[in-house]
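What follows is the residue order along each chain.
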Amino acid sequence: QTSSLSHGHELRFDSSTSTFTNAAPHSVFDSVKENLSAGVTFPSDSTGSSNTAIGAQVMQNISSAGDNVGLGVEALESLTSGNDNVSVGKRASASLQTGSLNTHIGDSAGRYSTASENTFVGASAGQDYTTGSRNILIGKDTGVNAGAGVGTSNNCLIIGNGVPAVQNDRMLVLFNGELHNGHLPSNLIGDD
């Protein structure tokens, strides 16, 4: 015995009653907008297309954003209209709404970022960068504990573990080891 199948739902077999039942989906592919979701449902009024969202609360506020990939609980949670973002990890890019062309990989990578064209790789990498654009931060806790007014720099390359966010543009920071008390090492290259 079967029941009718609703659009976007699954037909599951219940062995205790030997019947098929109509069930909410584990994953949904929207062939019109080409969105794929698992663990979350795109808002019904969304016009965004070619998005992949896997995990609870991923892209739950999407309106017109397109070509995004979010994987992990709360990844791209606030995204509305930003395009071409890749966020992998719990809370990766959680505050991003309209920013585009970001790659944030790691638990809380780029968590508070609202900007565009940033690459943050590592657990909490770029977590406290807010409005800075075109930055590359690689390493665990790099760009964390920025403090007021910091994390707004542009065009910086920072590689290391625990390097705090900087406020000067066009900085190159290469450091091996944890930084303590916010002191930067003497081997920095940049305008200032």
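For the structure, see preceding data.
The rules behind these values
- Residues numbered from 1 in each chain as written.
- Predicted model: local features only at pLDDT ≥ 70, side-chain atom pairs only at ≥ 80, totals over all residues.
- Heavy atoms only, no water.
- Helix = DSSP H or I, 4+ residues; strand = E, 2+ residues; numbered from the N terminus.
- Buried < 20%, exposed > 50% of the residue type's maximum accessible area, 1.4 Å probe, protein only.
- Contact = heavy atoms within 4.5 Å.
- Areas by Shrake-Rupley, 256 points an atom, 1.4 Å probe, with all protein chains shown as cover.
- Polar contact = N/O pair within 3.5 Å; in protein donor to acceptor, adjacent residues only side chain to side chain.
- Patch = residues over 30% accessible without salt bridge, like charges linked within 9 Å, V, L, I, M, F, W, Y side chains within 5 Å.
- Salt bridge = Lys/Arg side-chain N within 4 Å of Asp/Glu carboxyl O.
- Phe/Tyr/Trp six-rings, centres within 6.5 Å; stacked < 30°, edge-to-face > 60°.
- Pairing = 2+ DSSP bridges.

**Considering the overall build of the protein chain**
Then step 1. When you go through the protein chain residue by residue, the secondary structure sums to zero helices and 13 strands.
Then step 2. Its helices and strands in sequence order give the protein chain the pattern β-β-β-β-β-β-β-β-β-β-β-β-β, from N to C terminus.
Then step 3. For the protein chain, with 192 residues in total, the buried portion stands at 40%.
Then step 4. Once local pairs closer than 6 in sequence are excluded, the contacts in the protein chain between residues at least 24 apart make up 1%.
Then step 5. If you sum the accessible surface of the protein chain, you get close to 9,600 Å²; carbon and sulfur atoms cover 50% of it.

**A few points about the side chain of Ser133**
Then step 1. Checked against the element boundaries, Ser133 lands in the loop between β9 (119-121) and β10 (136-138).
Then step 2. Here Ser116 takes part through its backbone oxygen, which lies 3.4 Å from a polar atom of the side chain of Ser133.
Then step 3. Beyond its immediate stretch of four places on either side in the chain, Ser133 contacts Ala115, Ser116, Glu117, Asn118, Ser153, Asn154 and Asn155.

**Topic: a nonpolar patch on the surface**
Then step 1. Taken together, the side chains of Ile105, Val121, Ile136, Ile138, Ile159 and Leu174 make up a nonpolar region of the molecular surface, amounting to roughly 420 Å² of accessible area.
Then step 2. Relative to the assigned elements, Ile136 resides in strand β10.

**Here's the deal with the packing of aromatic side chains**
Then step 1. With the rule as written, the count across this model stands at one aromatic pair.
Then step 2. With a centroid separation of 5.8 Å and 55° between ring planes, the pair formed by Phe120 and Tyr129 is classed as tilted.

**Some details on the pairing of strand β12 (residues 171-174)**
Then step 1. Here β12 shows a clear split, with Met171 and Val173 buried on one side and none of Leu172 and Leu174 buried on the other.
Then step 2. With three bridges connecting them, strand β11 (residues 157-159) and β12 associate as parallel partners. Along β12, the bridge assignment pairs Ile159 with Leu174.

**Overview of the pairing of strand β4 (residues 35-38)**
Then step 1. Of the two faces of β4, only one is covered, namely that formed by Asn35 and Ser37; the face formed by Leu36 and Ala38 stays uncovered.
Then step 2. Inspection of the sheet shows β4 paired to strand β5 (residues 52-54) by three bridges, in the parallel sense. Bridged to Leu36 within β5 is Thr52.

**A closer look at the pattern of salt bridges**
Then step 1. Under the counting rule described, the total for this entry stands at two salt bridges.
Then step 2. Close ionic contact of Lys140 with Asp141 constitutes a salt bridge, the shortest N to O distance being 2.6 Å.
Then step 3. The class for Lys140 is partly exposed, based on a relative accessible area of 45%.

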